[in-house]
Amino acid sequence: APSPIDRDRFYAEATFHGPLLAGITAFDAVGEDFIRGRVHGTQPSTWTPTTDRAAFAVDPLALDSAMQLAASVAWTRYHRAGTPVGIDRIEVYDLVPPHIEIDVDARFGPPDGNRFRADLTLRSRTGAPLLRATGVTAELRQAAENAEADDTAPSDGIAPEASDVSLWPEVVAIQNRIAEVAAAGIPNPYFHVHEGMARNTTVVAGRRLINFSSYNYLGLSGDPDVLAATHAAIERYGTSVSASRVASGERPFHGELEALLARAQGAEDAILFTAGHATNVTTIGHLFGPEDLILHDEYIHDSAFQGIKLSGAQRRMFRHEDTAHLDKQLTDLRKHYRRCLIVVEGVYSMDGDICDLPAYVALKKKHHALLMVDEAHSFGIVGATGRGVAEHYGIDGREVDIWMGTISKSLSSCGGWIAASKPLIQLLRYTAPGFVYSAGLTAANGVAALASLKKMLAEPWRVRRLQDNASLFQRTCAERGLDTGPARGGTGVVPVITGNSVHAMLLSASLREQGINVQPIVYPAVPDDAARLRFFLSSTHTDAELIETATRVADTLAAIRAAHPMVSAAK
Ligand code: PMP
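Bear in mind that the values here come from a model prediction, so they are computed numbers and not experimental data. (Residues numbered from 1 in each chain as written. Predicted model: local features only at pLDDT ≥ 70, side-chain atom pairs only at ≥ 80, totals over all residues. Heavy atoms only, no water.)

A. Quick look at the side chain of D297. Within the fold, D297 resides in strand β11 (residues 293-297). The side chain of D297 is buried and forms no salt bridge, while R319, the nearest opposite charge, is found at 9.9 Å. In terms of polar contacts, D297 uses its side chain to reach the side chain of H320, at 2.9 Å. (Helix = DSSP H or I, 4+ residues; strand = E, 2+ residues; numbered from the N terminus. Buried < 20%, exposed > 50% of the residue type's maximum accessible area, 1.4 Å probe, protein only. Lys, Arg positive; Asp, Glu negative; His and termini not counted. Salt bridge = Lys/Arg side-chain N within 4 Å of Asp/Glu carboxyl O. Polar contact = N/O pair within 3.5 Å; in protein donor to acceptor, adjacent residues only side chain to side chain.)

B. Spatial organisation of the site of the ligand. In the vicinity of the ligand, 13 residues are found, and the nearest of them are Y215, H277, D374, H377 and S408. Compared with its free state, where it exposes 390 Å², the ligand has 86% of that area covered by protein. Residues belonging to the shell around the ligand are distributed by class as follows: 2 nonpolar, 8 polar and 3 charged. (Near = heavy atom within 4 Å. Areas by Shrake-Rupley, 256 points an atom, 1.4 Å probe, with all protein chains shown as cover. Nonpolar A, V, L, I, M, F, W, Y, C, P; charged D, E, K, R; others polar.)

C. Representation of helix α17 (residues 501-513) in the model. Counted at 1.5 Å a residue, the expected span for α17 with its 13 residues is 18 Å, and the 19 Å between its end C-alpha atoms agrees. Within α17, 11 of the 13 residues are buried, which leaves it mostly tucked inside the rest of the structure. Here α17 has its buried residues at S501, V502, H503, A504, M505, L506, L507, S508, A509, L511 and R512. For α17, the side-chain oxygen to backbone nitrogen distance between the N-cap and V502 is 3.2 Å, and the N-cap itself is N500. Count one or two residues on from α17 and you reach G515, which has phi positive near 95°. (Expected span 1.5 Å × (residues − 1).)

D. Fine view of the pattern of salt bridges. Applying the stated criterion across every chain yields a total of 31 salt bridges. Across the salt bridge formed by R7 and D8, the nearest N and O atoms sit 3.0 Å from each other. Here R7 falls in the buried class, since its relative accessible area comes to 14%. Note that R465 is salt-bridged to D543, the shortest N-O span being 3.2 Å. With R465 in helix α16 (residues 461-479) and D543 in helix α18 (residues 543-563), the pair connects residues that are 78 residues apart, well separated along the chain. Under the relative-accessibility criterion, D543 is labelled partly exposed at 39%. Three or more residues are tied together by salt bridges with common partners; here these are D28, R38, E101, D103 and R125.

Below, the structure is given as structure tokens:
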């Protein structure tokens, strides 16, 4: 019979294997006592970039992937994990050619309690034998009904790992991923300590680096006027506003910032929250319920996704910026639900592309739906004066039902807001859990954002400079042959797509050595073949910094590709 197993689901749901170990390319057929599929091998330099060994005697990826293929039967047939515990014998007939599909045939012996044995044969696509592993033994994980046999298991049949966090599969999975990166000789790209302000440059470990991993789009974090206003506010109001604003009252900057944000978005009113992420979670989670339908772009941010899950509404995704796909789903589904919400982002945070706002406004009207736009990466970034996608398209802000934004990016602070009609904001003010039961925004955060917003509106050259910088950088990268995805410049994000996670991590590490700080975005945050470096631009970058960076990225990526040729593991 053809195999019922889907490769992508297998790697997403059934195993802990990261992109380097995802060597199965196809499941072909499965029967009572066999499974057949295809895998690929690798070469030493993919795993240890500094090695000069040309080939493995026994290709670990091909062998491991053949064992994964055999173990997949434990998952589909018994809904349990199969862990390899031994191999009797390995015979090598020929080297496995790296990155080329080969056939695997796994024959199972009769099951022996919790143990399974299989013989694996790996052949080239022309049928030439490459490797044979006999007596490959796997153990099914202890099931609850057998727990009494284990004296460390409680007698009620609960597996010991349920109460030992260090044994949780997700804990082990993250440890394995970190170890995989370290084993490949790549320094951990996360949690660098910046020793001062992060602007066009930053200081990490005593070295000044050109910086592309800040949200300081308009250079307002560290701006002397913003700092002075914030110092004065802390002197006056202290560093806490006590409990929630409902319980402990407000300070003047709360109302002033909300009014200015509402005006800038072209909405009637606004409400502040203490984190952008919490703003989406609590707002969507609170306003919608199981009788409702929420449709969102496939690239929507995690915060909106978590809010949708919390709401219990029926969730449907549409392909990125595919308004025909959205229209079709609305036509089919809208009538079965009470309320319907469409969620999109003004500018997408991974690719820096701008949403087709006029098309979404037309669709929400056609289908009696509500439209929510997340302006995290568009407010302060697009539009002639930075007032976001409504200004960019010349659309009245009231055409959008729910504007969401964060003050952590262009407004140089930390927190989020919703701007909408007066009744909706009033409802949130009295009932949204993340507002009513959470402490109010502090003076430091509120006044930093207020001073930044005033400055942004008074000095539109900052927005223009950011847009020009992004365009210059995107253009220069493209001229140097780099793939910047759908980004056309003019927003604050420019990706450089490397096509696999290993190259992205090596590129980021090498650029840091050369004095450039930019984060890699790798599997599973994006599919492996969409792995990238994500450049956050700032109005404070100089032309020279942007041109030098584009040149170094192109040269370094070419050198990495030549030294470490590899195919994408995911596709
Ligand atoms: N929405 C989007 C699109 C984002 O990119 C982010 C954060 N990067 C958030 C919401 C959450 O905002 P914050 O980081 O201010 O919590």
